[in-house]
Amino acid sequence: MENVANPNLAITPQLPEGFVIKPEPAAPEPVRDLLSYLISLLPENINPVHVFLGIGIAFAGVTGGFIILQRLRRSNDSEVKDPAELPKLPYYNILGQLIEDDRLSNSGKPQGVLIKNQCPRGRKTPCIAPYPLKLETFLRVAGIKYDVYSNGIFHTQDNNNNSDSDDSKMIILDMEKIPDSQICMKSLSHKFDVNLSDHLSPTQKAIEQAFNHLLEQKIYWGISLYRWVYDGARSIHKIQYLPKSTRDSIPSVCRTVEHAAWHHGIGKKNATEVVEDLIRDVEALSIQLGTKKYLLSDLKPTELDCTAFAMLSQMLWTMDGPFYVAVNETYKNLNEFCWRMRREFWPDWNDCLDTSANLKFSLTISRT
């Protein structure tokens, strides 16, 4: 007889041993009651699913708009403001004495001067960032007059190096903002008809290009990694006064530098490899310098000397460990080079250090 399945017969499925079917969790009573009440208020011809979907879309739109507005507000706050938009500002000298200066109009906009936007002064160097220090050294070597905007105060720099100014990667030239130190130097050379390499041969210019690349793409990243990642910025307070709000952001800065170095490529090496590579790079600079006054000739410094001075200054005056030993003891001609550049183009070096910040910081530390 043919077997016919009985539809009224309940068949229990055979589940694997240990397999348990968990019942779907029920919504809490208050939530279920509230949803039932809201649905009961809707007309019969309206699908409740469509209503709740519309509410969700509206909420997402409002939330997204709020987030976008917050980011735009933060972006506007972080932008370097055009001097024309700045309030009327006083003009101070290094001693903090107010000076009347007719170059400042009622709007606070300097007329016919080069402006450098910049970070605060350091304790051991005029700037703990190599690129701003490179740019200001270039301005001094080239004899270009400039004013500095920092923290709402203008300072003056003249061709005789009587300065109390800071450094920056950005300049404002004829009210045009120019970022990046290399672009700044190119624009300034064109504007003021300056050519620091006009005495070099084609071979020397090729060497200048190669060593500039070495300094900016290798040595700079090694300095950043050592300061912000390997040292963890633990010694940053010795070379730069930082307000509390900035100190709180140091861990974020360290992570940013570490990630940037990884994408650059140098951060994929371990610390020992990076330090050993940079010591060899410093040795190459020492060999190139030899007994010359500057890296390419005895005649006058070039952009390469400005870059090298900015990088080596960090190693000599703001760092300890292997980089300091390399510049200060192992390759003494680099030490002499730094002091020679400092004496010739930074006779006011000590006046450009943030000694007032040192006092503020020591007072802050003593109170805690």
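These lines cover the structure that appears in this document, whether it is placed above or below.

Cut-offs applied
Residues numbered from 1 in each chain as written. Predicted model: local features only at pLDDT ≥ 70, side-chain atom pairs only at ≥ 80, totals over all residues. Heavy atoms only, no water. Helix = DSSP H or I, 4+ residues; strand = E, 2+ residues; numbered from the N terminus. Buried < 20%, exposed > 50% of the residue type's maximum accessible area, 1.4 Å probe, protein only. Contact = heavy atoms within 4.5 Å. Areas by Shrake-Rupley, 256 points an atom, 1.4 Å probe, with all protein chains shown as cover. Expected span 1.5 Å × (residues − 1). Bend = angle between axes of the 7 residues up to and from the residue. Phe/Tyr/Trp six-rings, centres within 6.5 Å; stacked < 30°, edge-to-face > 60°. Lys NZ or Arg CZ within 6 Å of the ring centre and 35° of its normal. Salt bridge = Lys/Arg side-chain N within 4 Å of Asp/Glu carboxyl O.

### What to know about the overall build of the protein chain
Right, on to step 1. When you go through the protein chain residue by residue, the secondary structure sums to twelve helices and five strands.
Right, on to step 2. Classification of the 368 residues of the protein chain by burial places 40% in the buried group.
Right, on to step 3. Residue pairs in contact within the protein chain that sit at least 24 positions apart in sequence constitute 71% of those at least 6 positions apart.
Right, on to step 4. A total of about 21800 Å² of accessible surface is found on the protein chain, and carbon and sulfur atoms cover 57% of it.

### Side note on helix 5 (residues 202-230)
Right, on to step 1. Here helix 5 spans 39 Å end to end across 29 residues, near enough to the 42 Å set by a 1.5 Å rise per residue.
Right, on to step 2. Along helix 5, the helix axis deviates most sharply at Leu 215, where the bend reaches about 30°.
Right, on to step 3. Just past helix 5, the residue Gly 232 takes up positive phi, approximately 65°.

### Things to note about the packing of aromatic side chains
Right, on to step 1. The tally for this structure, following the rule as stated, stands at nine aromatic pairs.
Right, on to step 2. Summarising the aromatic geometry, the rings of Trp 317 and Trp 349 are spaced 5.1 Å apart at their centres and angled 55° between planes, so their arrangement reads as tilted. Of this pair, Trp 317 sits in helix 9 (residues 303-317) while Trp 349 sits in the loop between helix 11 (332-345) and helix 12 (355-367); the two residues are 32 residues apart in sequence, bridging distant segments of the chain. The two residues Trp 317 and Trp 349 agree in class, both being buried.
Right, on to step 3. Note on Trp 346 and Trp 349: the rings are 5.6 Å apart at their centroids and 80° apart in plane angle, and the pair reads as edge-to-face. The same class applies to Trp 346 as to Trp 349, namely buried.
Right, on to step 4. Of the aromatic side chains, those joined through ring pairs into one cluster are Phe 309, Trp 317, Trp 339, Trp 346 and Trp 349.
Right, on to step 5. Directly above the aromatic system of Trp 262 lies the positively charged group of Lys 268, at a separation of 5.4 Å from the ring centroid.
Right, on to step 6. Lying across the ring of Trp 317, Arg 342 places its NZ or CZ 4.9 Å from the centre.

### Observations concerning the pattern of salt bridges
Right, on to step 1. Summed over the entire model, instances satisfying the criterion amount to eight salt bridges.
Right, on to step 2. A salt bridge links Glu 136 to Arg 140; the nearest nitrogen and oxygen atoms lie 3.8 Å apart. Linking Glu 136 with Arg 140, this pair stays in helix 3 (residues 130-142), spanning four residues, or about one helical turn. Here the two residues Glu 136 and Arg 140 agree in accessibility, since each one is buried.
Right, on to step 3. Here Asp 198 ties to Lys 300 by a salt bridge, and the two come within 3.0 Å at their closest N and O atoms. With Asp 198 in the loop between helix 4 (181-191) and helix 5 and Lys 300 in the loop between helix 8 (271-289) and helix 9, this pair connects stretches of sequence that are 102 residues apart.
Right, on to step 4. When its relative accessible area of 25% is taken as the criterion, Lys 300 is described as partly exposed.
Right, on to step 5. Each of Arg 121, Glu 136, Arg 140 and Asp 348 takes part in salt bridges that share partners, so that together they form one network.

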